[in-house]
Amino acid sequence: MSEPELKRTPLHAAHLAAGARMAGFAGYDMPIQYPDGVMKEHAWTRDSAGLFDVSHMGQAWLTGEGWAGAFEAVVPGDFAALKPGRQKYSVLLNDAGGILDDLMAARPDDRGLFLVVNGACKDDDFRFLEARLPSGVKLERLDDRALLALQGPQAAAVLAAHVPGAADLAFMDSAALAGFGGVDLIVSRSGYTGEDGFEISLPDSEAPRVWDLLLADARVRPIGLGARDSLRLEAGLPLCGHDVDPSVSPVEAGLAFSVSPSRRRRGDFPGAARILAELSGAPSRARIALKVLEGAPAREGAVIVDAAGAEVGVVTSGGFSPTLGHPIAIGFAPPALCAPGQRLGVVVRGRTWPVETTDLPFVPHRYVRRP
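Residues numbered from 1 in each chain as written. Predicted model: local features only at pLDDT ≥ 70, side-chain atom pairs only at ≥ 80, totals over all residues. Heavy atoms only, no water.

Side note on the nonpolar core
- Core analysis: the biggest nonpolar cluster contains 36 residues, and Tyr89, Ile99 and Leu255 have the highest contact counts within it.
- Mapped by element, the contributors of at least two residues to this core are strand 5 (87-93), strand 6 (99-106), strand 7 (113-117), strand 9 (145-151), helix 7 (225-234) and helix 9 (272-280).
- For this core, the leading source of residues is strand 5, giving 3 residues.
- When residues no more than four places from it in sequence are discounted, the contact partners of Ile99 are Val91, Leu92, Leu93, Val244, Asp245, Pro246, Val248, Ser249, Pro250, Ala253 and Leu255. (Core = buried A, V, L, I, M, F, W, Y, C linked by side-chain atoms within 4.5 Å. Buried < 20%, exposed > 50% of the residue type's maximum accessible area, 1.4 Å probe, protein only. Helix = DSSP H or I, 4+ residues; strand = E, 2+ residues; numbered from the N terminus. Contact = heavy atoms within 4.5 Å.)

Details of the sheet that holds strand 7
- Strand order in the open sheet made by the 5 strands is 5-6-7-4-8, with antiparallel pairing throughout. Each having just a single partner strand, strand 5 and strand 8 (138-141) make up the two edges of the open sheet. Shown here is a sheet whose adjacent strand axes are inclined to one another by a mean of 30°, direction ignored.
- Relative to strand 6, strand 5 is paired through 7 bridges, and the arrangement is antiparallel. In the strand pairing of strand 6, Lys88 is matched with Ala105.
- Sheet strands touched by helix 4 (residues 122-130): strand 4 (58-63), strand 5, strand 6, strand 7 and strand 8. Its angle to strand 8, the strand with the most contacts, is close to 160°. (Pairing = 2+ DSSP bridges. Axes fitted to C-alpha atoms, helices over the stretch in contact; angles between N-to-C directions.)

Some words on the layout of surface pockets
- Taken as a whole, the largest pocket encloses approximately 740 Å³ of empty space.
- Surrounding the largest pocket, 35 residues form its lining, Phe25, Asn118, Arg228, Leu239 and Cys240 being those nearest its centre.
- Every element with two or more residues in the lining of the largest pocket is listed here: strand 6, strand 7, helix 7 and strand 16 (311-321).
- No other element matches the 6 residues that helix 7 contributes to the lining of the largest pocket.
- Taken together, the residues of the lining of the largest pocket sort by class into 17 nonpolar, 11 polar and 7 charged.
- Size it by volume and the second largest pocket reaches roughly 560 Å³. (1 Å grid on protein atoms, 1.4 Å probe; cavity = no way out; pocket = protein on both sides within 12 Å on 5 of 7 lines; lining within 4 Å. Points joined across faces, edges and corners; volume = space filled by probe spheres on them. Nonpolar A, V, L, I, M, F, W, Y, C, P; charged D, E, K, R; others polar.)

A word on the environment of Leu237
- Tracing the backbone through its elements, the reader meets Leu237 in the loop between helix 7 and helix 8 (261-266).
- Look at Leu237 and you get buried, because its relative accessible area is 12%.
- For the pair Leu237 and Arg263, spaced 26 residues apart in the sequence, the C-alpha separation amounts to 23 Å.
- Non-local contacts of Leu237, meaning those with residues more than four positions away in its chain, are made with Tyr192, Thr193, Gly194, Arg232, Asp243, His365 and Tyr367.

Section: empty space enclosed by the protein
- The tally for this structure, following the rule as stated, stands at 1 cavity of 30 Å³ or more.
- What the largest cavity holds in volume is close to 60 Å³.
- Taken together, Gln87, Phe114, Val116, Leu147, Ser174, Ile186, Val187, Ser188, Glu199, Ile200 and Ser201 form the lining of the largest cavity.
- When contributions to the lining of the largest cavity are tallied by element, the ones reaching two or more residues are strand 7, strand 11 (183-188) and strand 12 (197-203).

Following this line, the structure appears as structure tokens:
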């Protein structure tokens, strides 16, 4: 059987014109890197402003009376209390308390809940949600909208020139705004790099023009998915399908903050028995952060061993950290081994290399929070 044809975002031609190296990702032909290369793109985002095409992500509105209750039936957060203008990170749970996907849910205005889910999971996510919606609640997919991420310390200054009100947002604020000459936008001050920045939802038809307008600013360069991955790894942010999957609970994944106190008291979310037991005791495994002291980067699937050489865990994401100048990795291991400052090992190409456990994030976040 032939491979299914890769989909294209509205910016596909722009990526090719910019000399991007393209590859399949989440069913789309996506830019992995541009001629500058991953290391320079990573550094540019840390120092100035990087522009990412993340239009492969899934966008949707959840509307109708009772949308909050419908959404809370499949996530562990308190969304009935989410105020207009705010956004929350959450996880979509199966009945066993495992993570089907992680997502952002916002109230940019009074229409309902605006959802952004991972591209590889979006079709399954939306089917999962629709199958559980009560009468009167509707999921409206926004397949005609693109999504851009502008990330880095200059992002706010760049966007302020085009979108009045964007710079007034703080971390995890969300708003329906007009910009770039009257384009209908949904803007959140968030992103997946650990840097300050924004995610900008806009009509497909406007995406190429807005992309070019932003790149006309000398502070902005296009950044591919290679640098996006190295940035999110330094920020200690999980990658769905790798660091989280349907077998992993929010507690095991280090995402216990996504389980709101009110939901913990009520215990009315999927997998509550498992998750509450892990919160009150200790899960059998926990997320571990590793600084690789010698050798090549430990990639996904590398075995973690203790001082005696016994297998104790596995790496789920790993690579070279351009900011720190050495390899880093995250994975799972028994909680007792995850405390910072412990010496363990990782097996790469049949050889064991020394690693040291550390705190997350590897590189401090630089979100702009409200005083």
